[in-house]
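Fold and geometry: a report
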Amino acid sequence: MDDLDRRLVAALQVSPRASWGEIARVVGEHERTVARRLQRLIAEGVVRVTAIHDDLRTGHGRPAHLHVHVRPGTAPKVAEALADRPDTRSVYALTGAADLGCELVSPSREALHRTLSAEISAIGGVLRTRTQVVLHTFRTVAEWHAPYLTEEEVAELSPPPPPEGLPGVDRLTPLEQEIAELLTADGRIAYTAVAERLAVSVPTARRRIASLLERRLLRPRAEIEPALLGLEVEAMLWLKVRPYALDLVGQRLAGHPDVRYCAATSGTHSLVVQVVTAHEADLYRFMTGVVGSYDEIADTDLTLITRAYKRGHLRKSGLLTLEKTP
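A short tour of the structure in this document, coming up. (Residues numbered from 1 in each chain as written. Predicted model: local features only at pLDDT ≥ 70, side-chain atom pairs only at ≥ 80, totals over all residues. Heavy atoms only, no water.)

**Concerning the state of the cysteines**
Under the definition given, this model contains zero disulfides. Of all cysteine sulfurs in the structure, the one in cysteine 262 sits closest to cysteine 102, which takes part in no disulfide; the separation is 19 Å. Under the relative-accessibility criterion, cysteine 262 is labelled buried at 0%. (Disulfide = S-S within 2.5 Å. Buried < 20%, exposed > 50% of the residue type's maximum accessible area, 1.4 Å probe, protein only.)

Following this line, the structure appears as structure tokens:
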């Protein structure tokens, strides 16, 4: 990927459903150039456009992060077994005490108990796990973009802010759930295709999709491995934050351009943060200059992601992202 490819992917991350013409106007390139390059990257599996639910607000499930310890030599096999599960959203190989990291979305407390107590432990090679349930999400990966656009370009592409007073729980109707399934399979699916697949009018499809996006119940996402964007250092930070400052620290860290994901969790650490940088020196500066500036952070645990097997429910083949399968 050259510099223009990376700028175009960053634009697609900011607005995954933007037309090629809209992206071309903002980045100052010809529409045919934008279409040709992005369509090639999508066709080759370099980037995939999908969508993710706001699981807590829609009642879609309870997200939880797992640290998985395995027997020596079994990490790839265990990772593939975890990635095969439909309830896992992400699976990573890690440095540090745990061998693998896994984010799963469980539909109920009972299902989470069954998954943790019986199903994960039954995978050959798994020795033990540590679980931290997400209590509040400050930033999702769908809200992050690579640092190759100006502030003005980002502002032009960004959707309008959500209306104030969004309900805490906002479950999807049956039609909205069907639309969400189509968008998670193809985040750029046309309104006409949605209307045809679901036997509704095009205005209805357009209106329902707009409602899902405006209510932030579904977030389009352009998925690409950070290394392809020149961001080769990826880390998971587990932070112990004093309870009175958890919301403040979470919001501020979520606004940092190096942060892809930030959420408050239960367990031994109260905040999980995913960070991407170009070099280890940049990560060091983030730890000392950003994390180190908060007296409210009592402890940190830093691990590096060495390989992704799955992200956003999408399987990986090396640095390429496979199509979502049922």
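Okay, back to it.
**Some words on unusual backbone geometry**
Of note, the phi angle at arginine 216 is positive, near 60°, even though the residue is not glycine. At histidine 313, a residue that is not glycine, the phi angle is positive and equals roughly 70°. Structurally, histidine 313 can be placed in the loop between strand 10 (297–311) and strand 11 (314–317). A relative accessible area of 24% places histidine 313 in the partly exposed class. (Helix = DSSP H or I, 4+ residues; strand = E, 2+ residues; numbered from the N terminus.)

**Quick word on the nonpolar core**
Nonpolar side chains in soluble globular proteins tend to end up buried together. Counting residues in each nonpolar core, the largest one holds 31 residues, and the members touching the most others are Leu12, Ile23, Val34, Leu38 and Leu149. Examining the composition of this core, we find that seven residues originate from one element, helix 1 (residues 3–14), more than from any other. In this structure, Ala235, Ala254, Leu283 and Val291 belong to the second largest nonpolar core, which totals 24 residues. (Core = buried A, V, L, I, M, F, W, Y, C linked by side-chain atoms within 4.5 Å.)

**Notes on the pairing of strand 2 (residues 62–70)**
For strand 2, a buried count of eight out of nine residues is recorded, marking the element as mostly surrounded by other parts of the structure. Note: strand 2 against strand 4 (residues 100–106), seven bridges, orientation antiparallel. Bridged to arginine 62 within strand 4 is serine 106. Pairing geometry for strand 2 and strand 5 (residues 126–139), over seven bridges, is antiparallel. Across the sheet, the residue bridging to valine 68 is threonine 129, located in strand 5. (Pairing = 2+ DSSP bridges.)

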